Amino acid sequence: MLAAIPFPPLSPEIFAIDLFGFHLALRWYALAYIAGIIIGWRLAVITVKRAALWRDDQPPMQPKQIEDLLTWIILGVIIGGRLGYVLFYQPGYYLANPHEIPMIWSGGMAFHGGFLGTVIAAWIFCARNKIAKLPTADMLALATPVGLLFGRLANFINAELWGRATEVPWGVIFPGAAAQDCGQAVGELCARHPSQLYEAGLEGLLLGLVILVLIRRGALKMPGLILGTFLTGYGLARFIVEFFRQPDAQFQSPGNPLGLAFHIDGFGLTMGQTLTIPMIAIGVYFILRALRQRPAPATA
């Protein structure tokens, strides 16, 4: 076996206690959600307090309204993420076992479903409160990459959603029988792409920095530009990383070892890539729309 990196001694649980027969634990994944929501909320509050960042010096809402919106967003993420996983990835299983659909603690959340849930929740909130939708979408987009960063780091700590087998020197030897089932010779260890870290770097860190730079250059004065940048950036990042992620098991078969959701003679797209194509197209549309409506420069 070529050089590889052993998985670090990380536990999914930060701490745990057994109380009255119950195992209570604080997990890194839960902390990632909590930290992402709190930091995203604070970023949104900071931006709406700076009226000069927005077109006509008019932020989409007041800081107090962001707290109300947050409840809607949390529900949208949880419900949409779960239903997205059920519908996009394992519809047959959950059709046969509908009682398991609400069991989110057993695992199974989809980003694309959570995104759609967020869109629907924010749309309803804006309509009920007569709030401008496109600037609100920009505000949510600027607050999202930090949550993606923490979430993907938590995936790595949990040793889940690892990548395909690889011989690159930064490949990681993830624990567990599934991660080690690479078809290698008996006694050899299997190294895999740390695709969670690829996503953390692209979808979280890099995309977040690009958005912050655009905001400093006045992007919030062009409604839809930050939204379009987020959709396009996330879509491209996810599309690329799908080449390194382990295929979805439910799509794999002897004739389809890459786990492609749609393919002809072995050429096609994974489910993740398929779902990102509309995101990229919609993102490009919003970018072009925003640039066409760029405010005219002030004259002396």
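Residue positions within a chain follow its written sequence, with the count starting from 1. Local features in this predicted model are restricted to residues whose pLDDT is 70 or higher, and side-chain atom pairs enter the listing and the counts only when it is 80 or higher, whereas totals over whole chains, interfaces and linings include all residues. Side-chain descriptors were evaluated using all non-hydrogen atoms of the structure, hydrogens and water having been removed beforehand.

Draft legend 1. Local environment of the overall build of the protein chain. Put simply, DSSP marks the helices as runs of H or I at least four residues long and the strands as runs of E at least two long, and each gets a number from the N terminus on. If you tally the helices and strands in the protein chain, you get nine helices and six strands. Here the globule rule is a power law, 2.2 Å times the number of residues to the power 0.38, and the radius of gyration is based on C-alpha atoms. For 300 residues, the compact-globule formula gives about 19 Å, and the C-alpha radius of gyration of the protein chain, at 21 Å, lands near that figure. Looking at the protein chain alone, contacts between residues at least 24 apart form 68% of all its contacts between residues at least 6 apart. Counting only carbon and sulfur atoms, one obtains 69% of the accessible surface of the protein chain, whose full area is about 16500 Å². One way to put it: in the protein chain the 21 positive side-chain charges average out to a point 15 Å from where the 17 negative ones average out. Here, two residues are considered to be in contact whenever any of their heavy atoms come within 4.5 Å of each other. Note that accessible areas follow from Shrake-Rupley with a 1.4 Å probe, and for residues the cover is restricted to the protein chains shown. Note that His is not counted, nor are the chain ends; the positive residues are Lys and Arg, and the negative ones are Asp and Glu. In this description, the location of a charge corresponds to atom NZ of lysine, CZ of arginine, CG of aspartate or CD of glutamate.

Draft legend 2. Fine view of the state of the cysteines. Disulfides are defined in this document as cysteine sulfur pairs within 2.5 Å. Counted by the stated rule, this structure contains one disulfide. Disulfide pairing is shown between C182 and C190; the S-S distance is 1.7 Å. Across the S-S bond linking C182 and C190, the dihedral sits near -70 degrees, which makes this disulfide left-handed. Owing to a relative accessible area of 26%, C182 belongs among the partly exposed residues under this scheme. Only protein chains enter the accessibility calculation, which uses a 1.4 Å probe; a residue is then buried when its area is under 20% of its type maximum, exposed when over 50%, and partly exposed in between. Classification of C190 as buried rests on a relative accessible area of 4%.

Draft legend 3. Region of interest: the side chain of E199. Relative to the helices and strands, E199 is located in helix α7 (residues 195-216). Excluding residues within four positions of it along the chain, E199 makes contact with R152, G204, R238, V241 and R245.

Draft legend 4. Expanded view of the packing of α7 against helix α8 (residues 225-241). Every angle, taken between N-to-C directions, lies between 0 and 180 degrees, and every axis is a line fitted to C-alpha atoms, over only the stretch in contact when it is a helix. Running from N to C, α7 and α8 cross one another at 160 degrees; their axes reach a closest spacing of 10 Å. Taken together, the axis directions place α7 and α8 in an arrangement best described as roughly antiparallel. Our pair here, α7 against α8, has a crossing hand that is right-handed. Seen from α7, the contacting residues are S195, Y198, E199, L202, E203, L207, V210, I211, L214 and I215; seen from α8, they are I226, T229, F230, G233, Y234, A237, R238 and V241. When residues are grouped by polarity, Ala, Val, Leu, Ile, Met, Phe, Trp, Tyr, Cys and Pro land in nonpolar, Asp, Glu, Lys and Arg in charged, and all others, Gly among them, in polar. The residue makeup of the contact of α7 with α8, split by class, is twelve nonpolar, three polar and three charged. If an angle is under 35 degrees, it is roughly parallel; if it is over 145, roughly antiparallel; if it lies from 65 to 115, roughly perpendicular; otherwise it is oblique. Whether a crossing is left-handed or right-handed is set by the direction in which the near helix is turned from the far one by less than a right angle, anticlockwise for left-handed and clockwise for right-handed.

Draft legend 5. Inspection of the side chain of R238 at higher detail. Relative to the assigned elements, R238 resides in helix α8. Those residues in contact with R238 that sit more than four places away from it in its chain are Y89, H112, R152, E199, E203, R245, G272 and T276.

Draft legend 6. Examining a nonpolar patch on the surface more closely. Together, I14, F15, I17, L19, F20, F22, L24, W28, L31, Y33, I34 and I38 line one region of the surface with nonpolar side chains, adding up to about 1200 Å² of accessible area. For the nonpolar patch, the element with the highest residue contribution is helix α1 (residues 28-49), accounting for five residues. Turning to its location among the elements, I34 is positioned in helix α1. On the basis of relative accessibility, which here comes to 43%, the residue I34 falls in the partly exposed class. Each patch is built from residues that are more than 30% exposed by relative accessible area and take part in no salt bridge. Like charges join if they lie within 9 Å; nonpolar side chains (Val, Leu, Ile, Met, Phe, Trp, Tyr) join within 5 Å. For this document, the term salt bridge refers to a Lys or Arg side-chain nitrogen within 4 Å of an Asp or Glu carboxyl oxygen.

Draft legend 7. The arrangement of the pairing of strand β2 (residues 13-19) in detail. Bridge count for β2 against strand β3 (residues 22-27) is six bridges, and the pairing is antiparallel. Within β3, the residue paired with L19 across the bridge is F22. Strand pairing is assigned whenever DSSP identifies at least 2 bridges connecting the two strands. Remark: two residues form the turn of the hairpin made by β2 and β3, two consecutive strands paired antiparallel; F20 in that turn has positive phi of roughly 55 degrees.

Draft legend 8. View of the nonpolar core. Each nonpolar core is a collection of buried residues, namely Ala, Val, Leu, Ile, Met, Phe, Trp, Tyr and Cys, held together in the definition by side-chain atoms within 4.5 Å. If you look at the biggest cluster of nonpolar residues, it comprises 35 residues, and the most contacted ones within it are M139, I226 and F230. When contributions to this core are tallied by element, the ones reaching two or more residues are α1, α2 (63-88), α4 (111-129), α5 (133-143), α7, α8 and α9 (271-292). The contact partners of I226, leaving out residues within four places of it in the chain, are D138, A141, L142, I211, L214, I215, A219 and L220. Counting nine residues, the second largest nonpolar core, distinct from the first, contains Y94, F251, A261 and L275.

Draft legend 9. Broad picture of the packing of helix α6 (residues 145-157) against α7. Axis separation between α6 and α7 bottoms out at 8 Å; the angle between their running directions is 165 degrees. The angle between the axes of α6 and α7 places the two elements in the roughly antiparallel class. The chirality of how α6 crosses α7 is left-handed. Contact residues: α6 offers P145, L148, L149, R152, L153, N155 and F156, while α7 offers Q196, L197, E199, A200, E203, G204, L205, L207, G208 and I211. Of the residues in the contact of α6 with α7, the class split is ten nonpolar, four polar and three charged.

Draft legend 10. Region of interest: unusual backbone geometry. The phi dihedral of K130 falls on the positive side, at around 55 degrees, and the residue is not glycine. Structurally, the position occupied by K130 is in the loop between α4 and α5. For K130, a relative accessible area of 78% corresponds to the exposed category.

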